Amino acid sequence: MSAGRKWARHAMLVAALASSVTPGLAQAQGLSQLLGGGNGNDLTGDLLRTVQQRLTGQSTIPSLQPDVQVQNPAVQQGPQVYGPPSAIERLMSARAGQPIRQYGYEVFGRGAPVVVRQSGALQDGYILGEGDEIVLTLRGQQNASYRTRVDRDGRVVFPGLPPVAAAGRSFGGFREDLEDAAGRALTGTEVLVSVGAVRQIAVRVTGEVNAPGLFNLSGLATAMDALSLAGGIKNTGSLRDVQVVRGGRSFRLDLYTLLMGDAAGRDIPLAEGDRIVVPLQTSAVAVVGQVKRPAIYELPAGQQATPLSALMAMAGGTEVRGSYRYSILRTRDDGKREMVQVGAGGGATVHDGDVVFVAPTADISLAKVELRGATTLNGSYPLETVRSLRGLLASSDMFTPTVGRPLPYLLADAVIRLDPATLQRTVIPFAVSDVLEGKADVALQSNDVVYITNVAEMRYIAHKAGDLQRNPTRKVNDHPDPVAPPPAPDANAALQAQAAALPPGLAPGLAADPRVAQLAALQGIQLPAGQPGGAGQGAALLAANPAYVAYAANQLGQQNPALQDQGPPKPEEERLNPGIVAPPDIITAQDGSSARADDDQDQTMALPAGAGPLGVGPLGANQLGVSQAQHSRRPPLRLFVGLDDDTRRLLVGTLTNYHVTVVGEVNSPGDFLVMPGATLDKLVQAAGGLTPKVDLHAFEVTSADIDNASGLSRTVRHSYGLPVAQFAQVALKPFDRVRFNPVFSDRDTGDVTLSGEVKFPGGYEILRGEHLSSVLARAGGFTDAAYPAGVVFLRQSVAESQRDTLQKEADALERQIISIVGNVSGKVQVTDGEIAYVTQMIARLRQGIGPASGRVAVHVDPREIAAHPELDLVMEPGDQLVVPRQPSAVVVSGEVMAPGGIQFRGDRSVDDYIAMAGGMTEIADDDHVFVVQPDGSAIQVDGGGWLSSPPKLAPGSVIVVPRKLRHFTWDSILMDIIQVTSQLAITGASLAVISK
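Residues numbered from 1 in each chain as written. Predicted model: local features only at pLDDT ≥ 70, side-chain atom pairs only at ≥ 80, totals over all residues. Heavy atoms only, no water.

Q: Honestly, the overall build of the protein in this entry has me stumped. Any pointers?
A: Secondary structure assignment for the protein yields 28 helices and 41 strands. Residues counted as buried form 41% of the 996 residues belonging to the protein. At a minimum sequence separation of 6, the contacts of the protein that also span at least 24 residues come to 66%. By element, 53% of the accessible surface of the protein is carried by carbon and sulfur atoms, the whole surface being about 51,300 Å². (Helix = DSSP H or I, 4+ residues; strand = E, 2+ residues; numbered from the N terminus. Buried < 20%, exposed > 50% of the residue type's maximum accessible area, 1.4 Å probe, protein only. Contact = heavy atoms within 4.5 Å. Areas by Shrake-Rupley, 256 points an atom, 1.4 Å probe, with all protein chains shown as cover.)

Next comes the structure, spelled out in structure tokens:
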């Protein structure tokens, strides 16, 4: 094709673009055929593609979106950061006396996906190679975009341009050469050069990696990317001597420089055919104690020793600034180890296998005071600014109540002081209220702890003090030891027997854990290793050491789920200092209500008898962190937080000597703590104030006048009659007892109930000594339908007496039947059925079948009471008066043919009514027939010489015909049975009258 034809085609294309013609895709293809171009090998074809893109709405500029390549590792590790301890970790942990891990392997010891993000221009230092895509973009007289790759000859060839060498060159140098070549060939055109897609390279990873092999990576990948694809470095491999072999050269990579943020640390870019070798770790040292990063550190490649200062730099230095002691556990040439003290300057040398211990030379804080307890400003204070309690407790604002916590108690607090001469603690009691009022002050010393108690802690101490005072022979234990003493040597057999109660699978699971051997070695317990059935033997050995089961389970987090604390996590301060759990008998609710229980049981866990953690051994509960919250019905309230056991016992024991008791008419009576000289007004305020019913005319204070010299104590009682405003004049002493009586009232405690045929039935309050006639008058008197002769009056005290009588009768019957049955001659005359009958009656009396009604025969006729005032009964709380309606029948019950009611007629006798009921049965006792009158009184019909005439019947009367009992030879018991039967019959008849 001639040059003229080419320029003609160019002109036609320009004209088409200038005229803003927008043909479709088919038109663009036709234009391509017309021009005879589009083969992609010359500028005409590229211009055609540009036109096609313009006509179809596509951009002529290549879109360089971020190209993300994700390579999955051959071996994907789980989320567990730490694997089983390596050999060097077990060895160094045994030497250090505590578990210690190798540094860096939590990062390089596991694989991860490799994500290579390619966005924007590459750096000029990138080395080009075969397969890299080069993008050439033209702007100006020519607008086009070309893409091509570096060929096998290492060159890049674009249409109309001479080939440019690329492979092995930096991208920056190659770009300059390509831009110069394009600038000379295409005048008036801006040239842009970039890398489109990066080539893939093959790299082999060998040595101490989890998944060695050949991996395909992006040309932008580095040595760390290849190590990640290989599953990470084993904990036996070196982190400081990773070698990248390229051709005949070797590059060394120290991963510590990358981990520790060394500015000189550089990762190594990879090239095609590189080989990465991870050798074995050769030398290492360990550092433990007060350093920021205790671990096992690998020494640089080829070194067998390092300065102590370099090791401390790798460990991050000491925890805080201070004076420290450096000790090195060295291994001598003969294999023995020795501890060497070195200077603090860091000039010593640490050799392979050494362990460095960093410990503070002194941990004593001078000239400070601690404020703890129920305040809002707890913490440390400089002694120079708070010389005394008045300087420390300067304002009452620091005792502002906090929602959800007990109120501060300002009447009994303490300064806990460490004697510098004896190093023993003492407790100096004081009252915050006296300090705030300027009545008292205590000079403070260095390391004093000022503890402000709260109401819950005060109640706990006061309850124990009161219990000790009321039961002086009882030993009151403040708090059991959090950890029981270790068992005696002769208890091994018992421990082995208790080990059988281990939860199934717990001991084998612990024995199979590779960390158990290390923990066991630290505790002096040797588990079998390298033998067949090691896990089973380890389980058997664990079963022989229940104490170690608890230790291992706690260390490895494999406690029995049934014994783990399900409550909220404890604060760090509570976890380190377990504290006391408030006994349920003291703090039961926020309203202050309380109930007493056994103290010793309050402070112990509800475990089976003789059981310790995991169900075995006499170990203490806190060894596994088992909380009492699992065993109580409500969340426990922890007391004395921040105080250790000894200090807590001393504080409780000291404050129990300042115990007082207030009873009677206060809103919250009980035991309290006050300092000597405290006035009555503060105690009353602590007790919730006085009730409205208090008698201020005469309240008493009982004191103990103790003479320590003579060893005698004399009780002194003072009676006061003071208004509340003068309570501040009454000073109190320890062990005082204050009693406030209620005012005397003529109102009785409780109501009486009137029901039935009264005008205003219901409950009525009564005064002391009020009579029945007065209550009837308040109730409006009887209605027209009332039957006063049949009034039923029930009294609780009489019912209780009747129940007691029935129980006594049951006891008497039981003794007599035992006596008769034990008599051989008497047993011949007593049948088994008779014995069973009497036994059943005794059982009925015991069970309260047929309860006593408590009925009292009373007279309520106003005329009769007016004539005989002594019949007007004095009422008692709980009395019940039932006024029935006028009955019209007489009830015949017992051993008659047809028991029931018969219409009343005044001319009928008892025999008439019995005859109308069908007469007596064969087993009826006609000698003991009796009549229960409507008022509840009973009259015998026959058999009594004192009965001169038959009883007069009235409407509502009940005629009872009892059963005849055969005359046993045991006559005395027969009489008792008849008597009891009669009482039961009277009770039943009374209930029958009430029901009418």
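Q: What is the right way to look at a negative patch on the surface in this model?
A: A grouping of Asp 911, Asp 912, Asp 926, Asp 927 and Asp 942 is seen on the molecular surface, where their side chains present a negatively charged patch. Note that Asp 942 resides in the loop between β40 (938–940) and β41 (958–961). Asp 942 gets classed as partly exposed once you look at its relative accessible area, which sits at 40%. (Patch = residues over 30% accessible without salt bridge, like charges linked within 9 Å, V, L, I, M, F, W, Y side chains within 5 Å. Salt bridge = Lys/Arg side-chain N within 4 Å of Asp/Glu carboxyl O. Lys, Arg positive; Asp, Glu negative; His and termini not counted. Charge placed at Lys NZ, Arg CZ, Asp CG, Glu CD.)

Q: Help me out: how do you make sense of the environment of Arg 459 in this one?
A: As for its position among the elements, Arg 459 is in helix α12 (residues 455–470). Take Arg 459: its relative accessible area is 24%, and that puts it in the partly exposed class.

Q: What is the right way to read the nonpolar core from this model?
A: General note: in soluble globular proteins, nonpolar side chains tend to be found buried as a group. Core analysis: the biggest nonpolar cluster contains 45 residues, and Leu 227, Ile 233, Ile 276, Val 287 and Tyr 297 have the highest contact counts within it. Beyond its immediate stretch of four places on either side in the chain, Ile 276 contacts Val 203, Arg 204, Val 205, Thr 206, Ala 223, Ala 226, Leu 227, Val 242, Gln 243, Val 244 and Leu 270. Judged by nonpolar contacts, the second largest core, of 44 residues, contains Ala 431, Leu 655, Leu 673 and Phe 740. (Core = buried A, V, L, I, M, F, W, Y, C linked by side-chain atoms within 4.5 Å.)

Q: Would you explain the packing of aromatic side chains in this entry?
A: Here a ring pair, both rings aromatic, is described through the centre-centre distance and the interplanar angle of the planes. Going through the model one piece at a time under the given rule, you end up with nine aromatic pairs. With a centroid separation of 5.3 Å and 90 degrees between ring planes, the pair formed by Tyr 103 and Tyr 256 is classed as edge-to-face. With Tyr 103 in the loop between α4 (87–96) and α5 (105–108) and Tyr 256 in helix α8 (residues 255–259), this pair connects stretches of sequence that are 153 residues apart. A relative accessible area of 9% places Tyr 103 in the buried class. When the ring of Tyr 103 is compared with that of Tyr 297, the centres are 5.1 Å apart and the planes differ by 35 degrees; the resulting orientation is tilted. Of the two residues, Tyr 103 is situated in the loop between α4 and α5 and Tyr 297 in strand β14 (residues 295–298); the sequence distance between them amounts to 194 residues. (Phe/Tyr/Trp six-rings, centres within 6.5 Å; stacked < 30°, edge-to-face > 60°.)

Q: Would you mind showing me how to read the sheet that holds strand β36 (residues 880–883) here?
A: In any sheet, the strands associate via hydrogen bonds between backbone groups, in a parallel or an antiparallel arrangement. The strand order across the open sheet formed by five strands is β33-β32-β36-β34-β35, and the pairing between neighbours is mixed. Two strands lie at the open edges of the sheet, namely β33 (762–767) and β35 (855–856), each paired on one side alone. (Pairing = 2+ DSSP bridges.)

Q: In this structure, what is going on with the pattern of salt bridges? I would like to understand it.
A: Oppositely charged side chains can pair when the atoms bearing their charge come close. The final tally for this structure, using the stated rule, is 31 salt bridges. Where Arg 240 meets Asp 254, a salt bridge forms, and the shortest distance between an N and an O atom there is 3.1 Å. Of this pair, Arg 240 sits in the loop between α7 (223–229) and β10 (242–246) while Asp 254 sits in the loop between β11 (249–253) and α8, and the two are 14 residues apart along the sequence. Accessibility expressed as a relative area gives 11% for Arg 240, which makes it buried. Among the ionic contacts, a cluster of salt bridges with common partners joins Asp 434, Glu 437, Lys 439 and Lys 682.

Q: Just checking my understanding: could you explain unusual backbone geometry for this structure?
A: The phi torsion of most residues other than glycine is negative, and most of the peptide bonds are trans. Here Asn 447, not a glycine, exhibits a phi torsion of approximately 70 degrees, which is positive. In this fold, Asn 447 is placed in the loop between α11 (432–436) and β24 (449–452). Look at Phe 735: it is not a glycine, yet its phi comes out positive at around 70 degrees. Classification of Phe 735 by relative accessible area gives partly exposed; the value is 30%.

Q: Any chance you could explain the confidence of the model for the protein here in plain terms?
A: Caution is warranted with low-pLDDT regions, since their predicted coordinates should not be read in detail. Across the protein, the average pLDDT comes to 75, with 67% of residues at or above 70. Ignoring residues within four places in sequence, the model shows residues 1–8, a span with pLDDT below 50, making two contacts including any to other chains. Here residues 558–579 is modelled with pLDDT under 50, and outside its nearest four sequence neighbours on either side it reaches 40 contacts, counting other chains as well. (pLDDT = per-residue confidence, 0-100.)

Q: Can you walk me through α4 in this structure?
A: Since the α-helix turns once every 3.6 residues, residues separated by three or four places project in the same direction. For α4, the complete set of buried residues consists of Glu 89, Met 92, Ser 93, Arg 95 and Ala 96. For α4, the arc enclosing every buried residue in end-on projection is 160 degrees, short of the 170-degree limit, so these residues lie on one face. (Arc of directions from axis to C-beta.)

Q: What am I meant to see in the pairing of strand β20 (residues 368–373) here?
A: The two faces of a sheet get side chains in turn, since along a regular strand they alternate between them. Strand direction decides the pairing type here: β20 and strand β21 (residues 379–382), joined by four bridges, are antiparallel. Bridge assignment links Glu 370 to a residue of β21, and that residue is Ser 380. Note that β20 and β24 share four bridges and pair parallel. When the sheet's bridge partners are listed, Arg 372 is paired in β24 with Tyr 451.

Q: Which parts of the structure should I look at to understand the environment of Arg 737?
A: Tracing the backbone through its elements, the reader meets Arg 737 in strand β31 (residues 737–740). Arg 737 has contacts with Thr 661, Val 663, Glu 700, Val 701 and Thr 702, leaving out every residue within four places of it along the chain.

Q: Explanation requested: the pairing of β31 in the structure shown.
A: On β31, burial follows the alternation: Val 738 and Phe 740 on one face are buried, whereas Arg 737 and Arg 739 on the facing-out side are not. Pairing analysis gives four bridges linking strand β27 (residues 659–664) to β31, with the strands arranged parallel. In the strand pairing of β31, Gly 664 is matched with Phe 740.

Q: How should the sheet that holds strand β3 (residues 133–140) be read in this particular structure?
A: Pairing is antiparallel across the open sheet formed by three strands, whose spatial order is β4-β3-β7. Of all strands in the sheet, those with a lone pairing partner are β4 (144–149) and β7 (189–195), marking the two edges. Strand-to-strand twist in this sheet, taken as the mean axis angle between neighbours without regard to direction, amounts to 20 degrees. Where β3 and β7 come together, seven bridges link them in antiparallel fashion. Counted as the bridge partner of Arg 139 is Glu 190 from β7. This element, helix α6 (residues 171–185), spans β3 and β7 of the sheet and lies at about 155 degrees to β7. (Axes fitted to C-alpha atoms, helices over the stretch in contact; angles between N-to-C directions.)

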